[in-house]
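# Report on the structure
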Amino acid sequence: MAKAYDIVIGGGAVMGSSIAYHLAAQPGFSGRILVVDRDMTYRGAASSLSLSSIRQQFSCPINIRVGLAGVAFLKQAREILAVDGEAPQVGFVEKGYLYLATEAGAPVLRDNHVVQTAEGADIALLAPDALKRRFPFLHVDDLALGAWGRTGEGWFDGYSLMQAFRGKARSLGVAYRQAEIAAFEQSGGRVAAVVLADGERIACGAFVNAAGASGAARLARRAGVEIPVHSRKRCVFVFDAKARLERCPLVIDASGVYVRAEGESYVCGVSPPEAQDPDCDDFEVEWAEFDEIIWPALAHRIPAFESLKVSRAWAGHYDLNIFDHNAIVGRLPGADNAYIAAGFSGHGIQQSPAVGRGLAELIVTGRYATLDLNDFAFERIAAGRPLLERNVI
Ligand SMILES: Cc1cc2nc3c(=O)[nH]c(=O)nc-3n(C[C@H](O)[C@H](O)[C@H](O)COP(=O)(O)OP(=O)(O)OC[C@H]3O[C@@H](n4cnc5c(N)ncnc54)[C@H](O)[C@@H]3O)c2cc1C
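Starting from 1, residues in each chain are numbered consecutively following that chain's sequence as written. Whole-chain, interface and lining totals are the exception, using all residues; otherwise, since this is a predicted model, local features are given only for residues with pLDDT of at least 70 and side-chain atom pairs are given and counted only at 80 or more. Side-chain numbers come from the whole structure's heavy atoms, not from hydrogens or water.

### Regarding the overall build of the protein chain
Each helix and strand counted, the protein chain has 10 helices and 18 strands in total. Relative to its length of 393 residues, the protein chain is compact, with a C-alpha radius of gyration of 21 Å against a globular reference of 21 Å. Within the protein chain, buried positions represent 57% of all 393 residues. Within the protein chain, residue pairs in contact and separated by at least 24 positions form 75% of the contacts whose partners lie at least 6 positions apart. For every accessible area listed, the method is Shrake-Rupley and the probe measures 1.4 Å; residues are considered covered only by the protein chains on display. Only carbon and sulfur atoms are counted for the fraction: they give 51% of the accessible area of the protein chain, which is about 16000 Å². Between the averaged position of the 39 positive side-chain charges in the protein chain and that of its 45 negative side-chain charges there is a distance of 4 Å. Think of it this way: any DSSP run of H or I at least four residues long counts as a helix, any run of E at least two long counts as a strand, and we number them from the N terminus. For the radius of gyration, the atoms used are the C-alpha atoms, and the globule rule reads 2.2 Å times the number of residues raised to 0.38. Per-residue accessibility, obtained with a 1.4 Å probe over protein chains only, is compared with the maximum for each type, and a residue is labelled buried under 20%, exposed over 50%, and partly exposed between these values. By definition, residues are in contact when any of their heavy atoms lie within 4.5 Å. A positive count includes Lys and Arg, and a negative count includes Asp and Glu. His and the chain ends are not counted in either. Lys charges are placed at NZ, Arg charges at CZ, Asp charges at CG and Glu charges at CD.

### Here's the deal with the pairing of strand β4 (residues 97–101)
Each regular strand shows side chains that alternate between the opposite faces of the sheet. For β4, the buried fraction is high: 5 of the 5 residues fall into the buried class. Burial along β4 is two-sided: Y97, Y99 and A101 and L98 and L100, pointing in opposite directions, are all buried. Strand pairing is assigned whenever DSSP detects at least two bridges linking the two strands. Where β4 lies against strand β6 (residues 145–149), 4 bridges are found, and the strand directions are antiparallel. Paired with L98 across the two strands is W148, which belongs to β6.

### Describing the nonpolar core
Note on terminology: a nonpolar core comprises buried Ala, Val, Leu, Ile, Met, Phe, Trp, Tyr and Cys residues joined through side-chain atoms within 4.5 Å. If you look at the biggest cluster of nonpolar residues, it comprises 52 residues, and the most contacted ones within it are I9, I19, L161, V329 and L359. Of all elements in the fold, only β1 (4–10), α1 (14–24), β2 (33–37), α3 (61–80), α6 (158–171), β11 (201–209), β18 (338–342) and α9 (348–365) reach the threshold of two or more residues within this core. With near-sequence residues (within four places) excluded, I9 lies in contact with G16, I19, A20, L23, I33, L34, V35, V36, F207, V208 and A210. L131, Y266, C268 and I302 belong to the second largest nonpolar core, which has 35 residues in total.

### Remarks on the pattern of salt bridges
The salt bridge criterion pairs a side-chain nitrogen of Lys or Arg with a carboxyl oxygen of Asp or Glu, the two atoms within 4 Å. As enumerated under the stated definition, the model contains 20 salt bridges in all. Salt-bridge contacts for D122 lead to R150; the nearest nitrogen and oxygen are separated by 2.9 Å. With a gap of 28 residues between them, D122 in the loop between α4 (106–118) and β5 (123–126) and R150 in the loop between β6 and β7 (154–155) connect regions that are remote in the sequence. R150 gets classed as partly exposed once you look at its relative accessible area, which sits at 44%.

No statement about biological role is implied by the geometric values presented.
So this is what it looks like as structure tokens:
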């Protein structure tokens, strides 16, 4: 293994591997790239535990553009990420998101719809009677509005996407190494080397922090920068129901509870209120969440789910940016050659194609070429200027 690389990426799950692939595929770039990940089973990585859904129903234009770019990438992923004729299966199911609102939430859906439509997203606003006609399984009496992604939204196999980025990156010469980055050696305003937990030093021309919920804030701190990214538990419950709901999108109830089909079963969950959402690093499932919050909301909204059977559940970690629930992407202050892609706050898998591509452009050419990601820059945090996202789940 070489002791010097042009670019070292810390964290090799979906984001680190997307960045690695896009760097290796940059025209005219022939630098040596190393991805360091402390656990290449990716057992605890959000990328393995994700629900891997993709939407354009955001309030910030940048998130909508990134979502549209993500869908375009997913639709071509088989060709782009094939290795030696083997095409990956990322299984995009284009059934849309359906956000539901009572009178209180309807103005937000209407405001967001104006922004989404202006950005080219295909979102339909549906009044209760139209909701009932299209999705007869819904209880709509207390609803004022729904916003449904007719095309370009749905879910996919995020684990396969991560492995496909990884496989393609390796086929283009990117090296992967299982090790923990423990420290940095800095000199002349630059990261000169990463230092591994066993003390080994690897010199680098540039460093990218893509270490997710479990590591990005810690690595940034070791490079001298505080980022407001916290690890927050999110539980997913899988259940079976006798009822088959035809054409069921990913439904986000006015209560915040979400549900969608997953094969023959359904998956559901909810984000706890901020005050009951402590930092965490354990993977214990919060079963009370299902009994006390999710099931009552599901049974109310979809009466066919009054009778269901939970078969399993898991917990993963959101990399929540508590400053404004949006990604932090771009240069990391304090070192001319340090970059970050973190704080995705529950959108990281869908944002990995566009963010990987953009960051690779920034690193190699000094600017974004295909999609300007400057709205995600760290400077907004330093300046106390939040890029607030209103559609948070
Ligand atoms: C339950 C759940 C549901 C989700 N649903 C969706 C969804 O529907 N749509 C969506 O877009 N997103 C969703 N997300 C979010 C999405 O999964 C994440 O934003 C995304 O996977 C983040 O990818 P990442 O590569 O940045 O981080 P991770 O996948 O967390 O990977 C970080 C990697 O860094 C490594 N690492 C950490 N520290 C170090 C170190 N010091 N040295 C070396 N390596 C290190 C870790 O081992 C890990 O492999 C969900 C997340 C969860 C938990």
